[in-house]
Every structure is written in C-alpha cells, then in structure tokens.
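Topology and contacts: notes
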Amino acid sequence: MKKLLGEERRSMLLDMLKQEGQPITGTELAKRTSVSRQVIVSDMALLKARNVPIMATSQGYVLFTSNEDTTRCERQIACRHTSADTEEELNIFVDAGVTVKNVTVEHAVYGEITASIMVSSRHDVQQFMQKLADTKSNLLLELTEGVHIHLISASSEEKIDFAIQQLQSKGFLITTN
C-alpha cells in the first residue's frame, strides 16, 4: 500500500474505526496506512481537536457513535486498594456486566488526573494487565495510596449495585461512616 497523505489518511482512519467497531491499536493503524505510529498519534490528536469522538484506550483507539451509551446507567465510585488487587477489582466489575470507563486520582500538584480504561470483559482486563506488565507502567492509584475514582457504566442500575456490593465485601469501596 502506498503512503497516504494528510486528510485522505485521516478520513481512512475514521472509516477503519467506524467499520471495526472495537479498539484498534496505533501500531495496527500505522501498518494499514503505511506511516509511523507517531503519525497516527498526531492524526488522532488532530481529529480530537475537531471534536471527533475518538478515545485512546489501553486496547487502542475507538470511535464513539452518537447512539452509544444512550441507554446505559453511569456512576462514579471511590475505591481504595493496592496495585496487586487491581485485576480482582476490574474482574468484579466486568463479571457484573459493568464497563469501567476510566480512573481518576487527585494529585497534590496536578489536580485531577483521569485516564481511560474501557474494560468490559475478562479478556479486556487481561489485555490491560498484560500491557501494564509489558510496559512496566505504574497504576495511577500508586500516586494516591490506593485511592481512586472509577466512572462505570452498565445497562442497568442493578448491575452497578451488584458490582458495588461485591467491591464492598472485598473492602475495595471507600464508604462514608
């Protein structure tokens, strides 16, 4: 494939994200368009600046369509646990049918730091954990002694309530006394 230039490439990237319907890594998009991953990162930044609803997740780039999440319930919950408990926490969510959209921590210098997670299945959780291990990256909760907030979504409040009950039984939920 010949190297695609500028607007033609960005248009093709949007088409790929629409057709795929699931996250695509920057490396894969770079291969498909015969450019470097850094060019893809720049293209995605340009598209986001135009208010194209693209999100970078741990699994890759994903395009949100207007009908996505319209019938889903969302809630923010505060948690506290160690890094070693992260996989168990995420599995509690996805086993209950809940998507973990992001994580936020309150940093003393930078204020709120939010990062996309977008895990909805055990497979997503495994990929997320593998990427952490492969890149030797730290979790945001390590900046705040384990305290963090998740934005979660599900098709019903009951699924969210069930996940919260499970988190509470494990001692992962921050509760007010």
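See the structure shown above.
A short tour of the structure in this document, coming up.

What counts, and where the lines are drawn
Residues numbered from 1 in each chain as written. Predicted model: local features only at pLDDT ≥ 70, side-chain atom pairs only at ≥ 80, totals over all residues. Heavy atoms only, no water. Disulfide = S-S within 2.5 Å. Salt bridge = Lys/Arg side-chain N within 4 Å of Asp/Glu carboxyl O. Helix = DSSP H or I, 4+ residues; strand = E, 2+ residues; numbered from the N terminus. Expected span 1.5 Å × (residues − 1). Contact = heavy atoms within 4.5 Å.

It is worth spelling out the state of the cysteines at this point. Counted according to the given criterion, the structure contains zero disulfides. Cysteine Cys-73 shares no disulfide, and the gap to the nearest cysteine sulfur, in Cys-79, comes to 18 Å.

The tally for this structure, following the rule as stated, stands at 11 salt bridges. A salt bridge links Arg-32 to Glu-20; the shortest N-O distance between them is 3.6 Å. Pair noted here: Arg-32 is in helix H2 (residues 26-33) and Glu-20 is in helix H1 (residues 6-20), with a separation of 12 residues, a long-range link. Notably, a salt bridge pairs Glu-28 with Arg-32, separated by 2.9 Å at the nearest N-O pair. Highlighted residues: Glu-28 and Arg-32, both in helix H2, separated by four residues, approximately one helical turn.

Our focus in this paragraph is helix H3 (residues 37-49). The terminal C-alpha atoms of H3 lie 18 Å apart, and with 13 residues this matches the ideal 18 Å at 1.5 Å per residue to within 8%. Its buried side turned inward, H3 meets H1, H2, strand E1 (54-57) and strand E2 (60-63). Count one or two residues on from H3 and you reach Asn-51, which has phi positive near 65°.

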